[in-house]
2 protein chains.
Amino acid sequence: MSTTLITNIGELTTNVSSPLGRSGTLTDAAVLIEGERIAWVGPASDVPALPGGYLEVDAEGRAVIPGFVDSHSHIVFGGDRAAEFEARMAGEKYAAGGIRSTVAATRGASDDELRARLRGFLDEMLAQGTTTVEIKSGYGLDVETEARLVRLAAEVTPEVTFLGAHVVPAEYADRGDEYVELVIGDMLDACAPHSKWIDVFCETGAFTVPQSRRVLEAGIARGLKPRVHASQLGPGEGVQLAIELGAASVDHGTYLSDEDVAALAASDTVLTALPGVEFSTRHPFPDARRLIDAGVTVAIACDTNPGSSFTSSMPFCIALAVREMGMTTAEAVWAATAGGAAALQRDDIGVIAPGKRADLVLLDAPTRVHLAYRPGVPLVKKVWKDGVAVR
Amino acid sequence: MSTTLITNIGELTTNVSSPLGRSGTLTDAAVLIEGERIAWVGPASDVPALPGGYLEVDAEGRAVIPGFVDSHSHIVFGGDRAAEFEARMAGEKYAAGGIRSTVAATRGASDDELRARLRGFLDEMLAQGTTTVEIKSGYGLDVETEARLVRLAAEVTPEVTFLGAHVVPAEYADRGDEYVELVIGDMLDACAPHSKWIDVFCETGAFTVPQSRRVLEAGIARGLKPRVHASQLGPGEGVQLAIELGAASVDHGTYLSDEDVAALAASDTVLTALPGVEFSTRHPFPDARRLIDAGVTVAIACDTNPGSSFTSSMPFCIALAVREMGMTTAEAVWAATAGGAAALQRDDIGVIAPGKRADLVLLDAPTRVHLAYRPGVPLVKKVWKDGVAVR
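Keep in mind that what you see is a predicted model, and the values were worked out from it rather than measured.

How each quantity is defined
Chains are numbered independently. Their residues run from 1 in the order of the written sequence. Numbering of ligands from 1 and lettering of chains from A proceed in the order in which they are written. Where local features are concerned, this predicted model is filtered to residues with pLDDT of at least 70; where side-chain atom pairs are given and counted, the filter is 80 or more; whole-chain, interface and lining totals use all residues. The side-chain figures draw on all heavy atoms in the structure; neither hydrogens nor water molecules are used. For this document, the term salt bridge refers to a Lys or Arg side-chain nitrogen within 4 Å of an Asp or Glu carboxyl oxygen. To qualify as a helix, a DSSP run of H or I must reach at least 4 residues; to qualify as a strand, a run of E must reach at least 2; elements of each kind are numbered from the N terminus. Three exposure classes are used, based on accessible area relative to the maximum for each residue type with a 1.4 Å probe and protein chains only: buried under 20%, partly exposed in between, and exposed over 50%. When the copies are overlaid, the least-squares fit takes in C-alpha atoms only where the residue has pLDDT of at least 70 in both copies. Working rule for contacts: check all heavy atoms of both residues, and any pair within 4.5 Å makes them a contact. A helix is expected to span 1.5 Å multiplied by its residue count minus one. Of all possible arcs, the one meant is that of the directions from the helix axis to the C-beta atoms. DSSP bridges decide pairing: two strands pair if at least two such bridges lie between them. With the strands pointing away from the viewer, any crossover whose connection runs clockwise from the first strand over the helix to the second is right-handed. Put simply, two rings from Phe, Tyr or Trp (the six-membered ring, in Trp's case) pair if the centres are within 6.5 Å, and we call them stacked under 30 degrees between planes, edge-to-face over 60, tilted for the rest. Geometrically, a lysine NZ or arginine CZ counts as sitting over a ring once it is within 6 Å of the ring centre and also within 35 degrees of the ring normal. Put simply, buried area is how much 1.4 Å-probe accessible surface two parts lose in total, over both of them, once they are put together. Any N or O atom pair separated by 3.5 Å or less is treated as a polar contact, with the protein-specific requirement of one donor-capable and one acceptor-capable atom, and with residues adjacent in sequence counted only for side-chain atom pairs. When residues are sorted by character, Ala, Val, Leu, Ile, Met, Phe, Trp, Tyr, Cys and Pro go into the nonpolar class, Asp, Glu, Lys and Arg into the charged class, and all the rest, Gly among them, into the polar class. Confidence scores per residue from the predictor, reported as pLDDT, run from 0 to 100. Domains are outlined according to an automatic or database domain assignment.

For the rest of this paragraph, the subject is the pattern of salt bridges. Inspection of every chain in the model, using the stated rule, returns 60 salt bridges over all chains. Where Arg290(A) meets Asp258(A), a salt bridge forms, and the shortest distance between an N and an O atom there is 2.8 Å. Highlighted residues: Arg290(A) in helix H10 (residues 288-294) and Asp258(A) in helix H8 (residues 258-265), separated in sequence by 32 residues. By relative accessible area, Arg290(A) is classed as partly exposed at 29%. The exposure class assigned to Asp258(A) is exposed, which follows from its relative accessible area of 56%. Linking Arg346(B) and Asp348(B) is a salt bridge whose minimum nitrogen-to-oxygen distance equals 2.7 Å. Given a relative accessible area of 16%, Asp348(B) falls into the buried group.

What follows covers the relation of the copies chain A and chain B. Once chain A is rotated about the relating axis by 180° and shifted along it by 0.0 Å, it coincides with chain B to within an RMSD of 0.0 Å. Those values place the two copies in the arrangement expected of a two-fold rotation axis. Taking C-alpha positions as reference, the residue of chain A nearest the rotation axis is Gly376(A), located at 2.4 Å. A high fraction, 100%, of the interface residues of chain A reappear at the interface in chain B, so the copies pair face to face through one surface.

Time to look at helix H3 (residues 111-127) of chain A. Residue and element names in this part refer to chain A. Relative to the 24 Å expected for 17 residues at 1.5 Å per residue, H3 spans 24 Å between its end C-alpha atoms, a close match to the ideal helical length. Here H3 has its buried residues at Leu114, Leu118, Phe121, Leu122, Glu124 and Met125. Taken down its axis, H3 places every buried residue within 160° of arc, on the same side. Opposite its buried face, H3 presents the exposed residues Asp112, Ala116 and Asp123, each directed more than 90 degrees away. Tucked into the core, H3 has its buried residues touching strand S6 (68-70), helix H2 (99-107), strand S7 (130-133), strand S8 (135-136) and helix H4 (143-154). Just downstream of H3 lies Gly129, where phi reads positive at about 95°.

In sheet architecture, strand pairing relies on hydrogen bonds along the backbone and comes in two forms, parallel and antiparallel. All names here are of chain A. With parallel pairing, the seven strands of this open sheet are ordered in space as S8-S9-S10-S11-S12-S13-S14. Bordering the open sheet on either side are S8 and strand S14 (298-300), each of which pairs with just one other strand. Looking at chain direction, strand S11 (residues 225-230) and strand S12 (residues 249-252) are connected through three bridges and run parallel. Counted as the bridge partner of His229 is Asp251 from S12.

Further remarks concern the pairing of strand S10 (residues 197-202) of chain B. Residue and element names in this part refer to chain B. The buried fraction of S10 is high, at six of six residues. Of the two faces of S10, both are covered, the one formed by Trp197, Asp199 and Phe201 as well as the one formed by Ile198, Val200 and Cys202. As judged from the three bridges shared by strand S9 (residues 160-165) and S10, these two strands associate in the parallel manner. Paired with Thr161 across the two strands is Trp197, which belongs to S10. As a crossover connection, the stretch from S9 through helix H5 (residues 176-191) into S10 is right-handed. For S10 and strand S11 (residues 225-230), the ladder comprises six bridges, and the chain directions are parallel. Paired with Phe201 across the bridge in S11 is His229.

Now for the packing of aromatic side chains. This model, assessed by the stated rule, comprises 19 aromatic pairs over all chains. An angle of 65° between the planes, with centres 4.8 Å apart, marks the rings of Phe310(A) and Tyr373(B) as edge-to-face. Pair noted here: Phe310(A) is in the loop between S14 and helix H11 (314-324) and Tyr373(B) is in helix H14 (residues 370-373), and the two residues belong to different chains. Each member of the pair, Phe310(A) together with Tyr373(B), is buried. Here the aromatic residues Phe77(A), Phe85(A), Phe121(A), Tyr139(A), Phe310(A) and Tyr373(B) are joined through ring pairs into a cluster of three or more. The ring of Tyr172(A) has Arg175(A) sitting right over it, with the charged end atom 4.7 Å from the ring centre. Lying over the aromatic face of Phe310(A), Arg374(B) brings its terminal NZ or CZ to 4.0 Å of the ring centre.

Let's shift gears to the interface of chain A and chain B. On the chain B side, the residues contacting the 37 residues of chain A number 37 residues. Of the roughly 3,200 Å² buried between chain A and chain B on both sides combined, carbon and sulfur atoms contribute 60%. Among the residues of chain A in contact with chain B, Phe279(A), Arg323(A) and Tyr373(A) are the three that bury the most area, contributing 26% of the side total. Note that Glu124(A) and Arg374(B) form a salt bridge whose closest N and O atoms lie 2.7 Å from each other. Our count for the contact surface shared by chain A and chain B stands at 22 residue pairs in polar contact (both at pLDDT 80 or more). Where the side of chain A that touches chain B is concerned, the elements lending two or more residues are helix H1 (82-89), H3, helix H9 (275-281), H11 and helix H14 (370-373) of chain A. The greatest single-element share of the side of chain A that touches chain B, amounting to five residues, is contributed by H11(A). For the side of chain A that touches chain B, the class distribution of residues is 19 nonpolar, 10 polar and eight charged.

Let us look at the confidence of the model for chain A. A residue-level look at chain A finds 98% of positions with pLDDT of 70 or above and a mean pLDDT of 96. Note on the complex model: pTM 0.97, ipTM 0.96.

Residues and elements named next belong to chain A. Each assigned domain of chain A is listed with its residue range as follows: domain 1 (3-67 + 350-389) and domain 2 (68-343). The centre of domain 1, based on its C-alpha atoms, is set 30 Å off from the matching centre of domain 2. Contact residues are listed per partner, giving 17 residues for domain 1 and 19 residues for domain 2. Summed over both sides, the interface between domain 1 and domain 2 buries roughly 1,400 Å², with carbon and sulfur atoms accounting for 72% of that surface. Inspection of the domain 1/domain 2 interface yields zero salt bridges. Counting across the interface, domain 1 meets domain 2 through four residue pairs in polar contact (both at pLDDT 80 or more). Listed by contribution, the elements that provide at least two residues to the side of domain 1 that touches domain 2 are strand S5 (63-66), H14 and strand S16 (380-385). Examining the composition of the side of domain 1 that touches domain 2, we find that four residues originate from one element, S16, more than from any other. Of the residues that constitute the side of domain 1 that touches domain 2, the class distribution is 10 nonpolar, four polar and three charged.

All names here are of chain B. Across six bridges, the pairing between strand S2 (residues 25-34) and strand S3 (residues 37-43) is antiparallel. What sits directly across from Glu34, in S3, is Arg37. The antiparallel pairing of S2 with S3 creates a hairpin that spans two residues between the two strands, and Gly35 there sits at a positive phi of about 60°.

Residue and element names in this part refer to chain A. At Asn15, a position not held by glycine, the phi torsion is positive, near 65°. When you line up the elements, Asn15 lands in the loop between strand S1 (3-13) and strand S2 (25-34). The class for Asn15 is buried, based on a relative accessible area of 16%. In this structure, Leu141 takes a positive phi of about 60° despite not being glycine. Structurally, Leu141 is set in the loop between S8 and H4. Here Leu141 falls in the buried class, since its relative accessible area comes to 0%.

Put into structure tokens, the structure is as follows:
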């Protein structure tokens, strides 16, 4: 079992309140990693005696944070939609129907093509500090392709989400209820064995609230846990449905009523903001300040996908959260780490504490504030995933 | 002399109209580098016969663009202003006076400290595709420190700008005219030998138009070429002054009258937009669409500085230009390469053509559109500076 001691950490974001750092932040700190887990966290001056043979990493006063937990991505797909992006920037409106063009490219791609692409995105994410990523299906929209997508996702992460109800495919146009039958029938049969989560895009242009309920309840009956896309493009009842069904997270959430916010605050459901989407669609950003002040648990994720948000950069999303969503950098970093873990109902990641997975990021900056203060600059210097230095 | 052939370039942005690519873009292209210069550009199927011993780089269908020309930076300084950034994000207003806190830290730093910091920024910029950078003084504001800053800048770039008239230092509070005397007297004497450019911050809270004129004219009389900061925080006459004095560029330009725009269009003066500033100060972005449609030459630069814009990422600024300033990606990439070269009156960089400096960037993407389509993602795969692969 390998042992690594990271010393001379100028600012350590633990996300754990303790007598040493009530805000979840320590200064002049050290972290001891044994195998895949964190063994000890404390002042650099107080490192326990260690046997020989361990690796010492001098952080030289830089900041260390937990690895990012990106709880919302769609990174198994074929093709891209650069032309659609250009048209949108020139004034065309974003519509959920654009998803269908990626469906055609994904159905036409081989497993090896999709796998190579997927692994490219994972490498790119790891280089930017993301150590856990949730991956959704939803660009297959037929039984065979959806099953391929969840199977490919399951090769690289336990956080696999079956999103057959992403949009109604062209061949079911005006027959949304029939498509829902397929999703909760043969498609769910094929996908459930490879999935942990069931998700639905509950929005005008995608699935109605009754359709969304059918999808989620069918998934729950098969042992999947619910999460929901809602209130991205306009107000709706998706948030209330998500809370009623005990969803781990409801994602997007730009258009929330006061009742939605109060219900979220009273629930265990996380609101996952996806500011890359608003950046790349020129839509209004969700008001995270309002949510946090009301007591809602807020996460941030990239929503990496070829249509509405092709960023894979959690630091970029943190910078947007601070500039556009009223969050402090401390809140945004929490949302991108511990918040993401809460959105995935994981208690082994998103914090730096003894017994937790050793997923850590060393920043090339003295404090986490630089993630927002220096937008666009690649500040990730070193990354550990399960105790292994992967970068 | 080393020879490198870059083949299989999916999209080559040359910024040069030719019978092969009237828009300055070639597909399925190749570039031949001999020593520090570009020797040949053309279709990949038409590469000239080469003697043995050259290096071949297969771009595998990816995009190649000219190295970024970042024509506006302030990267010789001490300290940072992360706390001021946090306060601003929490609602405090940006004011030019914050510059003075960096002045104190810069005066207190040794040459070696400033040099180490400067070289760190240059490495960071090169890794993000910036192959030419202009560097301003302006955090010394006394004769000795300003002279140190231009000397340190001259160690790393020919594009050195004397900006003694950045802001009136605290010890000259309410004695701006006296400070201008110092700038155009002893300070100019000490700085001119190391500088190519003279610059002034012509804005309420910094220097008046008559003061700015004195500074610029004194610099011109010493053989320096003028450039001007103007119309960042409100309307003013700085743009007209810049044009009258034949400035290479007027920088910022959020608040421009129709007369300003018409005068810029009729002049050789470039308008350099600095969208990182607007992102990090929550100010309105300049309207590049209006400028381009009127016939103004627009450049984009980072304005890397610890107060108003601490990004050093030209790709991030391109993404902002497309999202916030109404530019197409092609226009934004032109502005960040050929536009920057125009703002520095350089004809040897910013284009990919025979005889020009071999400053090139290989993107990990099939087209330059991905620089805006994938905001925040580090897409720079390889960088050549003067024909040498530096990354």
